[in-house]
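# Survey of secondary and tertiary structure
The lines below spell out each chain.
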Amino acid sequence: TTSAPQAASIHKSGKLANVCYDIRGPVLVRARQMEDEGHKIIKLNIGNLASFGFDAPDEIQQDMIRNLPNSAGYSDSKGIFSARKAVMHYCQQKKIRGVTLDDIYIGNGVSELIVMAMNALLDPGEEVLLPAPDYPLWTAAVSLSGGTPRHYLCDESNGWLPDLDDIRAKITPNTRAIVIINPNNPTGALYPPEVLREIVAIAREHGLIIYADEVYDKVLYDGETHTSIGSLSEDVLTITFNGLSKNYRCCGYRAGWMIVSGDKRRARDYIEGLDMLASMRLCANVPGQYAIQTALGGYQSIDDLVAPGGRMCRQRDLAHELITAIPGVTCVKPKATLYMFPRLDPKLYPIANDQEFIAELLEAERVLLVQGTGFNWAQPDHFRLVFLPYEGDLREAIGRIARFLETYRNR
Ligand code: PLP
């Protein structure tokens, strides 16, 4: 008898060598294990609204249920008519001009469209400018698509606004595009029109595409308003991403869209690539697409949550007050989103590896955060805090963080 040859180990593709997505990384795996062992973990790690009692609007759910019998077939690859028509109307409200039905793609959340947009664009060696800190899917999508991510700094001392000089300094002949996340995850920053205009001017000068992730454009506090960068030019090719996940509290329905605006003639070939990738995945989840028209045209209940005294606004205020009361912790107060990105003074907290720091906090206090380096922030001196839990849980969680940091200082 001959024995079977030793089977070779199965390894992942080299394409994944530089792909990283720490929000659902190893510390989350450990947290799951601890939950399985019976521990209750307070999760300040993921912006999943439904799991904190932020229910999706009833009308959206009812409309989806009503349309379920019509949703069993594939739709047009770029999306159903009513959803794209509603997004077109939305473009009008946001003053993004010249958008036709054909310029709108519906996807399984913004996530799918981000990966699609990068895949259709990049050849090896081509560079994309991304914010640091960023929502790490963007960096991961650039790497997965064979491109090279180049991070420009957002300036904490200036409300986390993009550092325009750093953007200019990082442009090379290989730069194809610039990504902005506005409102920003993880910092909660909201970019004023002056800054957006400067970014448009830089993109125009260097022939860059602008990718604008605006998935939090209705989660705004203190009466702030949001400007879509796509509304500020008719020439620079701009791709704007948005969806129902956050503004309408239904991440699980996987409904998002992307809008192509600006000089589309120059981008004919790229648009052909986008169309091909949209066709290859046949279509986005159809029941989710049916929710889009109702959501955009319905009662904007997010306004009540973010208004002074509304639940999200109260939780933002409380989390910010409590976290900044801890010695050596400073934090720019978010103007938008569900997140803040506090800084730990390295003199008091000499952290060498922030993933280990977050893992230690989890073991000691059963509170789960995400480390700053998970957002492509280079120094191990920040973390992201999600302020979605009810006030009682937030107080408890931040109290535990404070206790952990006290022991850390006294080591
Ligand atoms: N973009 C940003 C900035 C996000 O924070 C998220 C989710 O947290 C996404 C995109 C993904 O959104 P979707 O649920 O539409 O895929």
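Residues numbered from 1 in each chain as written. Predicted model: local features only at pLDDT ≥ 70, side-chain atom pairs only at ≥ 80, totals over all residues.

Under an unreviewed UniProt entry, the name given to the protein chain is alanine transaminase, and the organism recorded is Rhodocyclus gracilis. Within the UniProt record for the protein chain, the comment given under Sequence similarities (unreviewed entry) is "Belongs to the class-I pyridoxal-phosphate-dependent aminotransferase family." As recorded by UniProt, the Cofactor (unreviewed entry) comment attached to the protein chain reads in full: "pyridoxal 5'-phosphate". (UniProt positions renumbered as here; feature names shortened; annotations may be inferred.)

Turning next to the domain arrangement of the protein chain. Each assigned domain of the protein chain is listed with its residue range as follows: domain 1 (14–54 + 304–409) and domain 2 (58–297). Measuring from the centre of the C-alpha atoms in domain 1 to the corresponding centre in domain 2 gives 26 Å. Between domain 1 and domain 2, the residue contacts involve 32 residues of the former and 32 residues of the latter. Elements supplying a minimum of two residues to the side of domain 1 that touches domain 2: α11 (311–324) and β11 (339–340). Its residues placed into classes, the side of domain 1 that touches domain 2 shows 19 nonpolar, seven polar and six charged. (Domains from an automatic or database assignment. Contact = placed C-beta atoms within 7 Å. Helix = DSSP H or I, 4+ residues; strand = E, 2+ residues; numbered from the N terminus. Nonpolar A, V, L, I, M, F, W, Y, C, P; charged D, E, K, R; others polar.)

Another point: the site of the ligand. As a matter of local geometry, the ligand sits amid 13 residues, with Gly109, Val110, Ser111, Tyr135 and Ser245 nearest to it. For the shell around the ligand, the leading source of residues is helix α4 (residues 109–121), giving three residues. A per-class count over the shell around the ligand returns five nonpolar, seven polar and one charged. (Near = placed C-beta within 6 Å.)

A separate point is the pairing of strand β7 (residues 209–213). Within β7, five of the five residues are buried, which leaves the element mostly enclosed by the surrounding structure. Pairing of strand β6 (residues 175–181) with β7, which is carried by five bridges, proceeds in the parallel orientation. Counterpart to isoleucine 180 in the pairing with β7 is alanine 212. Taken together, β6, helix α7 (residues 193–206) and β7 form a β-α-β motif whose crossover is right-handed. (Buried ≥ 20, exposed ≤ 12 C-beta atoms within 10 Å, placed from the backbone. Pairing = 2+ DSSP bridges. Right-handed = clockwise from strand over helix to strand, strands pointing away.)

Ordered in space as β11-β15-β14, the three strands form an open sheet in which the pairing is antiparallel. Every interior strand has two partners, whereas the edge strands, β11 and β14 (370–371), have only one.

Glancing now at the environment of isoleucine 180. Mapped onto the elements of the fold, isoleucine 180 is located in strand β6. On the basis of neighbour counts, which here come to 25 C-beta atoms within 10 Å, the residue isoleucine 180 falls in the buried class. In sequence terms isoleucine 180 and glutamate 214 are 34 residues apart; their C-alpha atoms lie 8.6 Å from each other. Beyond its immediate stretch of four places on either side in the chain, isoleucine 180 contacts Pro131, Pro162, Tyr191, Ile199, Ile210, Ala212 and Ile229.

Our next topic: unusual backbone geometry. Going from alanine 132 to proline 133, the amide bond is cis rather than trans, its omega being 0°. Tracing the backbone shows proline 133 in the loop between β3 (127–132) and α5 (137–144). The peptide bond linking asparagine 182 to proline 183 adopts the cis configuration, its omega dihedral lying at 0°. Of note, the phi angle at arginine 249 is positive, near 55°, even though the residue is not glycine. In this fold, arginine 249 is placed in the loop between β8 (238–243) and β9 (255–261). Look at arginine 249 and you get buried, because 24 C-beta atoms sit within 10 Å. Even without glycine at this site, arginine 366 takes up a positive phi of about 60°. Mapped onto the elements, arginine 366 comes out in the loop between α12 (354–365) and β13 (367–368).

Counting through the fold element by element, asparagine 353 comes out in the loop between β12 (343–344) and α12. Take asparagine 353: there are 12 C-beta atoms within 10 Å of it, and that puts it in the exposed class. The sequence separation of asparagine 353 and threonine 373 amounts to 20 residues, and the corresponding C-alpha distance is 9.0 Å.

All right, on to the sheet that holds β3 then. Two pairing modes exist for strands in a sheet, parallel and antiparallel, and in both the strands are linked by backbone hydrogen bonds. Spatial strand order, β2-β9-β8-β7-β6-β3-β4-β5: eight strands in an open sheet with mixed pairing. In this open sheet, the two strands that pair with only one neighbour each are β2 (104–108) and β5 (161–162). Here four bridges tie β7 to β8, and the two strands are oriented parallel to one another. What sits directly across from tyrosine 211, in β8, is isoleucine 239.

Before going further, it helps to spend a moment on the nonpolar core. General note: in soluble globular proteins, nonpolar side chains tend to be found buried as a group. Within the largest apolar cluster, 118 residues are counted, with the highest numbers of intra-cluster contacts made by Ala117, Ile178, Val179, Ile210, Ile259, Ala291 and Leu385. With seven residues, α4 is the single largest residue contributor to this core. Built from parts of two domains, this core gets at least three residues from each of domain 1 (14–54 + 304–409) and domain 2 (58–297). Apart from residues no more than four positions distant in its own chain, alanine 291 is found in contact with Ile60, Asp63, Met64, Leu244, Cys250, Tyr253 and Ala255. (Core = buried A, V, L, I, M, F, W, Y, C linked by C-beta atoms within 7 Å.)

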